[in-house]
Amino acid sequence: MDDPDIRESTAGPSAGPFGGPLLFSLAHPDDESFSCGGTIVKAVAAGAPVTVISATRGERGESAIPAITTPQTLAAVRDQELRTAMAGLGVTDVRFLGYWDSGMDGTPENDDPRAFVQAPQEDVVTRLVVQVRGLRPAVVITFGPEGGYGHPDHIAIHHATVDAVTQSAQAGHRPELGPPWTVDALYYTATPRDLLLKFAEKNEGPFRHLSMEARQRLGVREEDITTRIDITDRLRQKAAAVLAHASQVGDPTRFDLDAAGERRHWRMLDHEHFVRARLPWEPASGDLADPLLKLDQFP
Ligand SMILES: [Zn+2]
């Protein structure tokens, strides 16, 4: 099944620039729009099939619109917000793993038996192996080991996705989960540390919970970023996707591209960043193929 010729012929003409789908494996509704919204819309424009998996429905985050959400409805609201955000970018394949948001590190929600971080790792990996072997993605994107700003669910989906991509490729492993599948490339979303520190200074959103020590570990160092995707021409669509997560973003004027002050803020976001991860079967050193860069041939 890993013969590249067979793969090309089974992938067919709709396989897009990567020769197969792009799979985003993340933790909460809004993770995809904030970290990859521009990359997603560029991939769709380039003809790539895109699937977004969210481990949870963001059940635990605070609601920015408490008037229309209750703790009982928040999951359904965020489920729909994710679907709406992705529909705006041209993505209809949105899937949930069905775990509960674990809340920020150190909060009582971490101990809820339904919380994603309480799920046995093997259970999560099994669900993801089924997804990878069923979808047969060319490229998989997940969080890095730092989890962006360190949310425990971001770190958990990182480890589970790395294990699932690795196990999916093993010929003898759990044949009942589908035929083996080897992805061409695995990436981690990578927000530059300097950029996150600028946001953390404002003490807004998740950053106000962070200790000084945790702030030193935010995001990814510039020298560790391997791949930069220019999304300047897609900022408006990314902003619309972010705004579709109304229960997450609060004051929408913060994301208004036409407000003078915000234009400067958004200009800092005119690239999305990734780390090309080295898979166990790839050479231990040297440059790796970087298929995401193909997106820079598309506006
Ligand atoms: Zn998240």
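Cut-offs and rules
- Residues numbered from 1 in each chain as written.
- Predicted model: local features only at pLDDT ≥ 70, side-chain atom pairs only at ≥ 80, totals over all residues.
- Pairing = 2+ DSSP bridges.
- Helix = DSSP H or I, 4+ residues; strand = E, 2+ residues; numbered from the N terminus.
- Axes fitted to C-alpha atoms, helices over the stretch in contact; angles between N-to-C directions.
- Contact = placed C-beta atoms within 7 Å.
- Core = buried A, V, L, I, M, F, W, Y, C linked by C-beta atoms within 7 Å.
- Buried ≥ 20, exposed ≤ 12 C-beta atoms within 10 Å, placed from the backbone.
- pLDDT = per-residue confidence, 0-100.
- Expected span 1.5 Å × (residues − 1).
- Right-handed = clockwise from strand over helix to strand, strands pointing away.
- Bend = angle between axes of the 7 residues up to and from the residue.
- Parallel < 35°, antiparallel > 145°, perpendicular 65-115°, else oblique.
- Left-handed = near helix turned anticlockwise from the far one by under 90°.
- Nonpolar A, V, L, I, M, F, W, Y, C, P; charged D, E, K, R; others polar.

## Observations regarding the sheet that holds strand 4 (residues 139-143)
Thought 1: Taking strand neighbours across the sheet as the criterion, the seven strands line up as 3-2-1-4-5-7-6 in an open arrangement whose pairing is mixed. Every other strand in the sheet has two partners, leaving strand 3 (93-99) and strand 6 (227-230) as the edge strands with one partner each. Geometrically, the sheet is characterised by an average inter-axis angle of 25 degrees between neighbouring strands, direction not taken into account.
Thought 2: In this sheet, strand 4 lies alongside strand 1 (residues 22-26) in parallel orientation, the contact comprising four bridges. When the sheet's bridge partners are listed, Phe 24 is paired in strand 4 with Ile 141.
Thought 3: Strand contacts of helix 3 (residues 74-89): strand 2 (50-56) and strand 3, with the helix running at about 155 degrees to strand 3, the strand carrying the most contacts.

## A look at unusual backbone geometry
Thought 1: Positive phi, normally seen in glycine, also occurs at Asp 30, with a value near 110 degrees.
Thought 2: Mapping Asp 30 onto the fold places it in the loop between strand 1 and helix 2 (31-45).
Thought 3: With a phi angle near 40 degrees, Arg 174 is a residue other than glycine that sits in the positive phi range.
Thought 4: Mapped onto the secondary structure, Arg 174 falls in the loop between helix 5 (152-168) and strand 5 (185-189).

## Re the nonpolar core
Thought 1: Ranked by internal contacts, the top residues of the largest apolar core, which has 62 residues, are Phe 116, Val 139 and Tyr 187.
Thought 2: Once you skip the residues sitting within four places of it in the chain, Tyr 187 turns out to touch Val 139, Ile 141, Thr 227, Phe 274, Val 275, Arg 276, Ala 277 and Leu 292.

## Focus on the environment of Gln 72
Thought 1: With respect to the helices, strands and loops of the structure, Gln 72 is situated in the loop between strand 2 and helix 3.
Thought 2: Residues Gln 72 and Glu 59, spaced 13 residues apart in sequence, show a C-alpha to C-alpha distance of 8.7 Å.

## Comments concerning the confidence of the model for the chain
Thought 1: Of the residues in the chain, 91% have a pLDDT of 70 or more, and the chain-wide mean is 89.
Thought 2: Low pLDDT (under 50) marks residues 1-11, which in the prediction has seven contacts with non-local residues, meaning those over four places away or in another chain.

## Looking at helix 5
Thought 1: Taking 1.5 Å of rise per residue, 17 residues should cover 24 Å, and helix 5 covers 24 Å from first to last C-alpha, within 8% of that figure.
Thought 2: The buried fraction of helix 5 is high, at twelve of 17 residues.
Thought 3: Among the residues of helix 5, Pro 152, Asp 153, His 154, Ala 156, Ile 157, His 158, Ala 160, Thr 161, Val 162, Ala 164, Val 165 and Ser 168 are the ones counted as buried.

## What to know about the pairing of strand 2
Moving residue by residue along a regular strand, the side chains alternate between the two faces of the sheet.
Thought 1: Where burial is concerned, most of strand 2 is hidden: seven out of the seven residues are buried.
Thought 2: Pairing analysis gives five bridges linking strand 1 to strand 2, with the strands arranged parallel. Opposite Leu 23, over in strand 2, you have Thr 51 as the bridge partner.
Thought 3: Taking the sense of rotation as the criterion, the β-α-β connection linking strand 1, helix 2 and strand 2 turns out right-handed.

## A word on the environment of His 273
Thought 1: Relative to the assigned elements, His 273 resides in strand 7 (residues 271-277).
Thought 2: For His 273, a count of 23 C-beta atoms within 10 Å gives the class buried.
Thought 3: In the structure, His 273 is positioned 84 residues away from Thr 189 in sequence and 6.2 Å away in space, judged by C-alpha atoms.
Thought 4: Leaving out residues up to four positions away in the same chain, His 273 has contacts with Ala 190, Thr 191, Pro 192, Ile 225 and Arg 228.

## Points about helix 2
Thought 1: Taking 1.5 Å of rise per residue, 15 residues should cover 21 Å, and helix 2 covers 20 Å from first to last C-alpha, within 8% of that figure.
Thought 2: Most pronounced at Gly 37, the bend in helix 2 amounts to some 80 degrees.
Thought 3: When you tally the buried positions in helix 2, you get 13 out of 15 residues, the bulk of the element.
Thought 4: Within two residues after helix 2, Gly 47 carries a phi angle of roughly 95 degrees, on the positive side.

## Thoughts on the packing of helix 4 (residues 121-135) against helix 5
For any two helices packed against each other, one specifies the inter-axial angle together with the distance between the axes.
Thought 1: Where helix 4 contacts helix 5, the axes come no closer than 8 Å and their chain directions differ by 55 degrees. One element, helix 4, and the other, helix 5, form an angle in the oblique class. Both helix 4 and helix 5 take part in a crossing whose hand is right-handed. Residues Gln 121, Val 124, Val 125, Leu 128, Val 129, Val 132 and Arg 133 of helix 4 lie in contact with helix 5, whose contacting residues are His 159, Ala 160, Thr 161, Asp 163, Ala 164, Val 165, Gln 167 and Ser 168.
Thought 2: Its residues assigned to classes, the contact of helix 4 with helix 5 shows eight nonpolar, five polar and two charged.

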